[in-house]
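Listed below are the residues making up each chain.
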Amino acid sequence: MFYYMLKYVLLGPLLRLLFRPRVEGLEHVPAQGAVIVAGNHLSFVDPFILAVVLKRRITFLAKAEYFAAPGLRGWLTALVLRGAGQISVDRSGRAAGQAALSEGQAVLAKGNLLAIYPEGTRSPDGRLYKGKVGVAVMALAARVLVIPCAVVGTYQIWDRARVLPRHPPVTIRFGEPLDFSRCARTARDETVLRAVTDEIMSAVLRLSGQEYVDRYAADVKTAQAPGRRG
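All values reported here derive from a predicted model rather than from experimental measurement.

Student: Report on the pairing of strand E2 (residues 35-39), specifying residues and quantitative values.
Tutor: Here is the key point about a regular strand: its side chains alternate between the two faces of the sheet. Of all five residues that make up E2, five are buried, and the element is covered over most of its length. Neither face of E2 is left uncovered, since the one carrying Val-35, Val-37 and Gly-39 and the one carrying Ile-36 and Ala-38 both have all their residues buried. Pairing between E2 and strand E5 (residues 113-116): four bridges, direction parallel. By the bridge assignment, Ala-38 is partnered in E5 with Ile-116. Alignment of E2 against strand E7 (residues 145-152), held across five bridges, turns out to be parallel. Residue pairing for E7: Ala-38 is matched across the bridge by Pro-148.

Student: How would you sum up unusual backbone geometry? Please name residues and give values.
Tutor: A positive phi is found at Arg-20, a non-glycine position, where the angle reads about 40°. Along the chain, Arg-20 turns up in the loop between helix H2 (12-19) and strand E1 (22-24). The backbone of Arg-143 sits at a positive phi, close to 55°, despite the residue not being glycine. Relative to the helices and strands, Arg-143 resides in the loop between helix H6 (134-142) and E7.

Student: Tell me what's going on with the packing of H6 against helix H7 (residues 190-208), and back it up with residues and numbers.
Tutor: To characterise two packed helices, one gives the angle between the axes of the helices and the distance between these axes. Between H6 and H7, the least distance of the axes is 8 Å, while the angle of their chain directions is 105°. Classified by the interaxial angle, the pair formed by H6 and H7 is roughly perpendicular. Note on element contacts: H7 touches H6 through Val-192, Leu-193, Val-196, Thr-197 and Ile-200, opposite Val-135, Ala-136, Val-137 and Leu-140. Its residues placed into classes, the contact of H6 with H7 shows eight nonpolar, one polar and no charged.

Student: Could you give me a rundown of the pattern of salt bridges, with the residues and numbers involved?
Tutor: Following the criterion strictly, the structure yields six salt bridges and no others. We note a salt bridge from Arg-127 to Asp-125, for which the minimum N-O separation is 3.0 Å. Note that Arg-127 is salt-bridged to Glu-211, the shortest N-O span being 3.4 Å. Of this pair, Arg-127 sits in the loop between E5 and strand E6 (128-129) while Glu-211 sits in the loop between H7 and strand E9 (212-213), and the two are 84 residues apart along the sequence. Exposure remark for Arg-127: the relative accessible area of 27% places this residue in the partly exposed category.

Student: How would you sum up the packing of H2 against helix H3 (residues 46-53)? Please name residues and give values.
Tutor: Two elements in contact, H2 and H3, have axes separated by 10 Å at closest approach and are oriented at 105°. One element, H2, and the other, H3, form an angle in the roughly perpendicular class. Of the residues in H3, those touching H2 at Gly-12, Leu-15, Arg-16 and Phe-19 are Phe-48, Ile-49, Val-52 and Val-53. Split by residue class, the contact of H2 with H3 holds six nonpolar, one polar and one charged.

Student: Which residues make up the sheet that holds E1, and what values do they have?
Tutor: Read across the open sheet, the seven strands follow the order E1-E8-E7-E2-E5-E3-E4; overall the sheet is mixed. At either end of the open sheet lies a strand with only one pairing partner, and these are E1 and strand E4 (87-89). Strand-to-strand twist of the sheet, defined as the mean angle between neighbouring strand axes without regard to direction, takes the value 25°. Bridging between E7 and strand E8 (residues 171-174) involves four bridges; their strand directions are antiparallel. Note that in E8 the partner of Cys-149 across the bridge is Phe-174. Contacts from H7 reach E2, E7 and E8 within the one sheet, and its direction differs from that of E7 by about 35°.

What counts, and where the lines are drawn
- Residues numbered from 1 in each chain as written.
- Predicted model: local features only at pLDDT ≥ 70, side-chain atom pairs only at ≥ 80, totals over all residues.
- Heavy atoms only, no water.
- Buried < 20%, exposed > 50% of the residue type's maximum accessible area, 1.4 Å probe, protein only.
- Helix = DSSP H or I, 4+ residues; strand = E, 2+ residues; numbered from the N terminus.
- Pairing = 2+ DSSP bridges.
- Axes fitted to C-alpha atoms, helices over the stretch in contact; angles between N-to-C directions.
- Parallel < 35°, antiparallel > 145°, perpendicular 65-115°, else oblique.
- Contact = heavy atoms within 4.5 Å.
- Nonpolar A, V, L, I, M, F, W, Y, C, P; charged D, E, K, R; others polar.
- Salt bridge = Lys/Arg side-chain N within 4 Å of Asp/Glu carboxyl O.

Below you can see the structure in the form of structure tokens.
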């Protein structure tokens, strides 16, 4: 109930007014059935805008830090995420990651729509980074289609130096479904998982037009952290 209250009354109308998102390829998202939407991640507003433009309810795998961020914005974000039934992803270890994957598979088992950001974190500079194989693990285990998705324009909305957001043109593009049923028998093969993930990221790249970086975004952020040399 709170999800639809946010979408149609509290948050959705405001986001549509501020950013007037343009949507392309919405016909590629099935009206029913379990599906994974895999996209790029440029801003903390990405999941909210995506939820607004989709006709179906969508559940996100959201990193645990979003639920415990400091300040008013962090409190509001956590409130919205919890109220909308989003899944907190603890990235502190392999066991925690497996628990998140299991929760995601439970969403798919109910025939619902699940969103994943394969990069694992927001892009530090607007480029598209290497995807983590969790999206492939989930897609092959659940035997569902993957819809590539690209959000364009949200990186320019907000930066640390600004108090108020900019209002750039925002476009959300959905690509044709990717079917990996051919890989079901080799779902545990690391090479296959890597290949499936790379195919998904290539589709996202074609939709977004970003520059691609063959590194994990989290590693780049760590290397750029204050006090770290080299």
